[in-house]
Amino acid sequence: MLKYILLILFVFGCTENELVHIPPDGDGLDDNGIPDISVDPGSVDFGASSVLDGTELSQVVTILNEGEGDLHLGSLTLSNDATYSVSSPSAVLLPEGARAQVVVTFTPLTMNVYDSVLSIESNDPDESIVEVPIYGEGTAPVIDVTPEEYDFGNLYVGCEASHPLTITNVGNEDLIIDNLDATEEHWRYEMHEKENGPLPWTLPMNEEIEIEVYFAPLLDNPMQSQAYIDSNDPLTP
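What this report covers is the structure whose coordinates are included nearby. The model shown is predicted, which means the values in this text are computed figures rather than measured ones. (Residues numbered from 1 in each chain as written. Predicted model: local features only at pLDDT ≥ 70, side-chain atom pairs only at ≥ 80, totals over all residues. Heavy atoms only, no water.)

What about the nonpolar core?
(1) Moving on: Counting 22 residues, the largest nonpolar core has Ile 37, Ile 63, Leu 73, Tyr 84, Leu 118, Ile 120 and Ile 134 as the members making the most contacts within it.
(2) Moving on: Among the secondary structure elements, those contributing two or more residues to this core are strand E1 (37–40), strand E2 (44–50), strand E3 (57–65), strand E4 (71–78), strand E7 (99–106), strand E8 (112–122) and strand E9 (129–139).
(3) Moving on: If near-sequence neighbours (up to four positions away) are discounted, Leu 118 is found in contact with Leu 76, Thr 77, Leu 78, Val 86, Val 102, Val 104, Val 130, Glu 131, Val 132 and Ile 134.
(4) Moving on: Leu 180, Tyr 189, Ile 211 and Phe 215 belong to the second-largest nonpolar core, a separate cluster that totals 17 residues. (Core = buried A, V, L, I, M, F, W, Y, C linked by side-chain atoms within 4.5 Å. Buried < 20%, exposed > 50% of the residue type's maximum accessible area, 1.4 Å probe, protein only. Helix = DSSP H or I, 4+ residues; strand = E, 2+ residues; numbered from the N terminus. Contact = heavy atoms within 4.5 Å.)

As structure tokens, this is what we get:
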């Protein structure tokens with residue numbers, strides 16, 4: 001009976017006093033207060049970078065704890081991890097006023113605008129995920145060949161037919177064409193060196209050059225070949 005009365009008094013006693021929330025163990029909050037995450041810079045812009053240089057660009061992002069409790073950093077992820085990478089933070093436990101750094105690296109693949117978002121997780125109670133926008137642009141030559149394929153149809157052995165092939169630089173850096181080749185002896189190129197000059201050819205942005213592809217079958221069989229054009233296009237060299 002005595003135990004029953006004490007229990008009732010304890011329950012009523014709690015309702016008359018201010019309730020204090022005690023966080024569970026392991027949530028990263030200490031007895032001094034709560035953490036407050038701050039990130040500098042708030043966005044990262046790498047500007048334009050030449051793919052041909054092969055240079056990786058890097059910028060530092062600083063994470064600061066402006067709160068009064070320990071800040072625990074969680075995972076760091078990128079929405080575009082094909083051209084961007086991020087290092088591990090220099091520290092994952094940040095007391096009040098402490099800071100950590102991560103390095104974001106940009107490696108463009110071709111001419112394109114590359115966007116990404118760096119997401120930083122932490123135990124900040126009102127900003128559990130901070131997002132840092134990232135911007136960068138790759139510059140590069142880009143080769144375009146028209147047509148991509150062509151059918152010469154039926155042709156008698158000993159005869160020859162030709163078709164024009166147009167090579168265009170649709171990139172934003174000079175395209176250099178070093179060599180042209182075919183996989184079979186039934187095919188040859190007419191370079192039009194009088195108009196185009198000798199190899200290598202340099203095509204500025206949006207410039208094009210036209211050559212002629214000749215087919216002269218030596219056998220009475222279906223034949224197929226591929227044209228190989230060597231250039232400084234980083235994706236299709």
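Things to note about the sheet that holds E8
(1) Moving on: With mixed pairing, five strands are arranged side by side in an open sheet as E2-E9-E8-E4-E6. Of all the strands in the sheet, just E2 and strand E6 (93–94) have a single pairing partner and so form its edges.
(2) Moving on: The pairing of E4 with E6 spans two bridges and is antiparallel. Bridge pairing in E6 links Leu 71 to Leu 94. (Pairing = 2+ DSSP bridges.)

Looking at the side chain of Thr 105
(1) Moving on: One can find Thr 105 in strand E7.
(2) Moving on: With relative accessibility at 11%, the residue Thr 105 sits in the buried group.
(3) Moving on: Within the structure, Thr 105 has its side chain in polar contact with the side chain of Ser 58 (distance 3.1 Å).
(4) Moving on: In this structure Thr 105 touches Phe 46, Glu 56, Leu 57, Ser 58, Thr 83, Tyr 84 and Ser 85, once residues within four positions along its chain are discounted. (Polar contact = N/O pair within 3.5 Å; in protein donor to acceptor, adjacent residues only side chain to side chain.)

Comments concerning the packing of aromatic side chains
(1) Moving on: Enumeration over the complete set of coordinates arrives at eight aromatic pairs.
(2) Moving on: Plain terms: the ring middles of Phe 46 and Tyr 84 are 6.0 Å apart, the flat faces sit at 35 degrees to each other, and that makes the pair tilted. Residue Phe 46 is located in strand E2, and its partner Tyr 84 is located in strand E5 (residues 84–86); the two are separated by 38 residues in the primary sequence. Across this residue pair, the class does not change: Phe 46 and Tyr 84 are buried.
(3) Moving on: With centroids separated by 4.9 Å and ring planes inclined at 90 degrees, the aromatic side chains of Tyr 150 and Phe 152 adopt a geometry described as edge-to-face.
(4) Moving on: When its relative accessible area of 43% is taken as the criterion, Tyr 150 is described as partly exposed.
(5) Moving on: Residue Phe 152 is classed as buried on the basis of its relative accessible area, which comes to 16%.
(6) Moving on: One aromatic cluster is present, built from ring pairs that chain together Phe 46, Tyr 84, Phe 106 and Tyr 114.
(7) Moving on: It is Arg 188 that lies over the ring of Tyr 214; its NZ or CZ is 4.0 Å from the centre. (Phe/Tyr/Trp six-rings, centres within 6.5 Å; stacked < 30°, edge-to-face > 60°. Lys NZ or Arg CZ within 6 Å of the ring centre and 35° of its normal.)

A closer look at the environment of Val 113
(1) Moving on: Of note, Val 113 is situated in strand E8.
(2) Moving on: As for Val 113 and Tyr 135, which are separated by 22 residues in sequence, their C-alpha atoms are 7.7 Å apart.
(3) Moving on: Not counting chain neighbours up to four residues away, the residues in contact with Val 113 comprise Gly 136 and Glu 137.

Let's talk about the pairing of E7
Within a regular strand, the side chains alternate between the two sheet faces.
(1) Moving on: With eight bridges connecting them, E3 and E7 associate as antiparallel partners. Among the inter-strand pairings, Thr 62 is bridged to a residue of E7, identified as Gln 101.
(2) Moving on: As paired strands, E5 and E7 are joined by three bridges and run antiparallel to one another. By the bridge assignment, Val 86 is partnered in E7 with Val 104.

So, the pairing of E9
(1) Moving on: Where E2 meets E9, five bridges bridge the pair, whose relative direction is parallel. Across the sheet, Ser 50 pairs through a bridge with Thr 139, a residue of E9.
(2) Moving on: In the sheet, E8 pairs with E9 via ten bridges, with the strands oriented antiparallel. Bridge assignment links Val 117 to a residue of E9, and that residue is Pro 133.
(3) Moving on: Linking E8 to E9, which pair antiparallel, is a turn of six residues.

Regarding the sheet that holds strand E16 (residues 227–231)
(1) Moving on: Strand order in the open sheet made by the three strands is E14-E12-E16, with antiparallel pairing throughout. Strand pairing shows two members of the sheet lacking a second neighbour, strand E14 (201–203) and E16, which therefore form its edges. Averaged over neighbouring strand pairs, the angle between their axes works out to 40 degrees when direction is ignored.
(2) Moving on: When strand E12 (residues 175–182) meets E16, the two strands line up antiparallel, connected through five bridges. By the bridge assignment, Asp 181 is partnered in E16 with Tyr 228. (Axes fitted to C-alpha atoms, helices over the stretch in contact; angles between N-to-C directions.)

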